[in-house]
Amino acid sequence: MLIRKPEGWEIPEREATPESVYWNRRQILRAAGLMAVPSLAGQGKPLYPAAKSEEFTVPAAPITPDWAATGYNNYYEFDPNGKETVKDLVDKFVISPWRIEVAGLVKEPQTYDLDDLLKKIPLQERVYRFRCVERWAMVVPWTGFPLSALIKMLEPKPTAKYIKFLTVSRPNEMPGMKKAPYPWPYFEGLRMDEAMHPLTMMVTGLYGKPIPKQNGAPVRLIVPWKYGYKSPKSIVRIEFASGEPPTFWNRLNSGEYGFYSNVEPKKPHPRWSQAYEQMIPTMERRPTLQYNGYEKFVAGMYNGKEF
Ligand code: MTE
């Protein structure tokens, strides 16, 4: 029998919210007709809720309530000045069909339909810590797949050392874009080893349902050991590159936002301490963890200077 040794980031069951509580909540929501209708893909199987691997289902800290994680957002294309307002500004945003262009140093540059990709790569649910550079933090169950699975399928050339992400630009659907003179669309990047790390996820779901628009529908990145701005939402283009790509926040303020942006409690932001974080929605303070708690798995990729 094959026994899989859980990776250390997989949060143990004993530290979990009891499953009965979770399921009761789901039963109540289903009875009330409040749960999203699962979409169909693959061989007609519903995508959500995705198979929760035992190891990824539950967090060490209490899971952030669904309403809080989906009601307190940074999505500047909708509102550069508000967080609680974002969810009320997304109605016009069209997320289907959704195509992702793959470009640069790759075997075959081409455009993929997201639904087709989701037929090829199975989804799974994982609970991750998530930490914004502004200090607020949450613990949520993302549904998605390792970015490495997609990269392997795309076959980048050996000269591809970095990956660049571009997010959607639709000023007529995204009211914040006309409000702030930012260098839209939002762009981000990772080094190839970071992109290939098994923790790095492409996310299409949240709380066992398709991810809400305000959280980055229909597909976003999640890199849990970095500040949240390294996790771009609503991705429309992936480019493989030989050199370090420019990033949105670094271009806006290079003194405050570096390329790596790994969570480091001892390195303060120029305008505030990063020694503690605040859990939404209570804003309870907790100590910030090195690499957001994922040090054991990711520190080996760095020489200790990449913050
Ligand atoms: N992606 C896009 N396209 N636009 C954004 O404004 N904000 C980033 C990141 N991805 C942002 C984005 C920041 S600053 C954070 S903290 C997270 O998304 C917030 O994700 P959440 O709203 O799902 O918590």
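Computed from a predicted model, the values in this text were never measured in an experiment. Residue positions are counted from 1 within each chain, in the order its sequence is given. Predicted model: local features are reported for residues with pLDDT of at least 70 only, side-chain atom pairs are reported and counted for 80 or more only, and whole-chain, interface and lining totals are derived from all residues. Each side-chain value is worked out from all heavy atoms of the structure, with water and hydrogens disregarded.

1. Side note on the site of the ligand
Working step 1: Only a single heavy atom is needed: when it lies within 4 Å of a molecule or strand, its residue is near that molecule or strand. Taken together, the neighbourhood of the ligand is formed by 18 residues, with Tyr76, Glu77, Arg220, Ser231 and Lys233 sitting nearest.
Working step 2: In protein, a polar contact requires one atom able to donate a hydrogen and another able to accept it; more generally it is a pair of N or O atoms within 3.5 Å, and residues adjacent in sequence count only if both atoms are side-chain atoms. Take Asn74: an N or O atom from its main chain is 3.3 Å from an oxygen atom of the ligand.
Working step 3: Surface accessibility in these figures is a Shrake-Rupley result with a 1.4 Å probe; residues are shielded only by whichever protein chains are displayed. About the coverage of the ligand: the protein hides 99% of its 530 Å² of free accessible area.
Working step 4: Of the two site types, the cavity is a set of points on a 1 Å grid over the protein atoms alone where a 1.4 Å probe fits but cannot get out, and the pocket is an open set with protein on both sides within 12 Å along at least five of seven lines, each lined by residues with an atom within 4 Å of a point. Pocket or cavity membership: a molecule qualifies when more than half of its atoms sit within 2 Å of the grid points of that site. More than half of the atoms of the ligand fall within 2 Å of the grid points belonging to the largest pocket.

2. Considering the layout of surface pockets
Working step 1: For the largest pocket, the calculated volume is near 510 Å³.
Working step 2: Together, 29 residues line the largest pocket, and Asn74, Tyr76, Tyr186, Tyr229 and Trp249 are the ones closest to its centre.
Working step 3: Here the residues of the lining of the largest pocket sort into 16 nonpolar, seven polar and six charged. Grid points are joined across faces, edges and corners, and a volume is the space filled by probe spheres set on the points. As a working rule, the residues Ala, Val, Leu, Ile, Met, Phe, Trp, Tyr, Cys and Pro are called nonpolar, Asp, Glu, Lys and Arg charged, and the rest polar, with Gly in that last group.

3. Describing helix α4 (residues 147–154)
Working step 1: Considered for burial, the residues of α4 that qualify are Leu147, Ser148, Leu150, Ile151 and Leu154. One side of α4 carries all its buried residues, which in axial view fall inside an arc of 160°.
Working step 2: Helix and strand definitions here come from DSSP, where helices need a minimum of 4 consecutive H or I residues and strands a minimum of 2 consecutive E residues; each element is numbered from the N-terminal end. Where α4 ends, the next residue or the one after it, Glu155, has phi of about 55°, a positive value. Remark: exposure states derive from per-residue accessible area (1.4 Å probe, protein chains only) relative to the maximum for the residue type, with buried under 20%, exposed over 50%, and partly exposed in between. Directions drawn from the helix axis to the C-beta atoms are what define this arc.

4. With respect to the pairing of strand β7 (residues 162–167)
Working step 1: Relative to strand β8 (residues 187–191), β7 runs antiparallel, the two being bridged by five bridges. Paired with Leu166 across the two strands is Phe187, which belongs to β8.
Working step 2: At least two bridges found by DSSP between two strands is the condition for calling them paired. The sheet contact formed by β7 and strand β12 (residues 235–241) spans six bridges and is antiparallel. Considered in β12, the bridge of Lys164 is made with Glu239.

5. Comments concerning the nonpolar core
Nonpolar side chains in soluble globular proteins generally cluster together in the buried interior.
Working step 1: Counting residues in each nonpolar core, the largest one holds 80 residues, and the members touching the most others are Trp142, Leu150, Met202, Trp225, Ile238 and Phe240.
Working step 2: Ranked by residue count, the leading element in this core is strand β6 (residues 136–146), at five residues.
Working step 3: Contact between two residues is taken to exist if any of their heavy atoms lie within 4.5 Å; hydrogens are not considered. When residues no more than four places from it in sequence are discounted, the contact partners of Met202 are Thr143, Gly144, Phe145, Leu147, Leu150, Val219, Arg220, Leu221, Ile235 and Ile238.
Working step 4: Here the nonpolar core consists of buried residues drawn from Ala, Val, Leu, Ile, Met, Phe, Trp, Tyr and Cys, with membership extended through side-chain atoms lying within 4.5 Å. Membership of the second largest hydrophobic core comes to five residues, among which are Ala61, Val127, Ala137 and Val139.

6. Notes on the sheet that holds strand β3 (residues 99–104)
Working step 1: The strand order β4-β3-β12-β7-β8 describes an open sheet built from five strands, whose pairing is mixed. The sheet terminates laterally at β4 (110–113) and β8, the two strands that pair on one side only. Shown here is a sheet whose adjacent strand axes are inclined to one another by a mean of 20°, direction ignored.
Working step 2: Bridge count for β3 against β12 is four bridges, and the pairing is parallel. Its bridge partner lying in β12, Val102 is registered against Ile238. Helix axes are fitted to C-alpha atoms over the stretch in contact, other axes to C-alpha atoms as well, and angles between N-to-C directions run from 0 to 180 degrees.

7. What to know about the confidence of the model for the chain
Atomic detail in the predicted coordinates should be set aside for any region of low pLDDT.
Working step 1: Every residue is assigned a pLDDT by the predictor, reflecting its confidence on a scale from 0 to 100. Per-residue pLDDT for the chain has a mean of 87; in total, 83% of the residues score no lower than 70.
Working step 2: Note on residues 1–6: pLDDT is under 50 here. Beyond four places in sequence and across chains, it has three contacts.
Working step 3: Taken as a whole, residues 11–42 scores under 50 in pLDDT and shows 39 contacts with residues more than four places along the chain or in a different chain.

8. A short note on unusual backbone geometry
Working step 1: Put simply, Ser96 and Pro97 share a cis peptide bond, and its omega is 0°.
Working step 2: The residue after Ile280, namely Pro281, is reached through a cis peptide bond having omega 5°.
Working step 3: We note that Glu155 has phi near 55°; this positive angle belongs to a residue other than glycine.
Working step 4: Mapped onto the secondary structure, Glu155 falls in the loop between α4 and β7.
Working step 5: A relative accessible area of 41% means that Glu155 is categorised as partly exposed.

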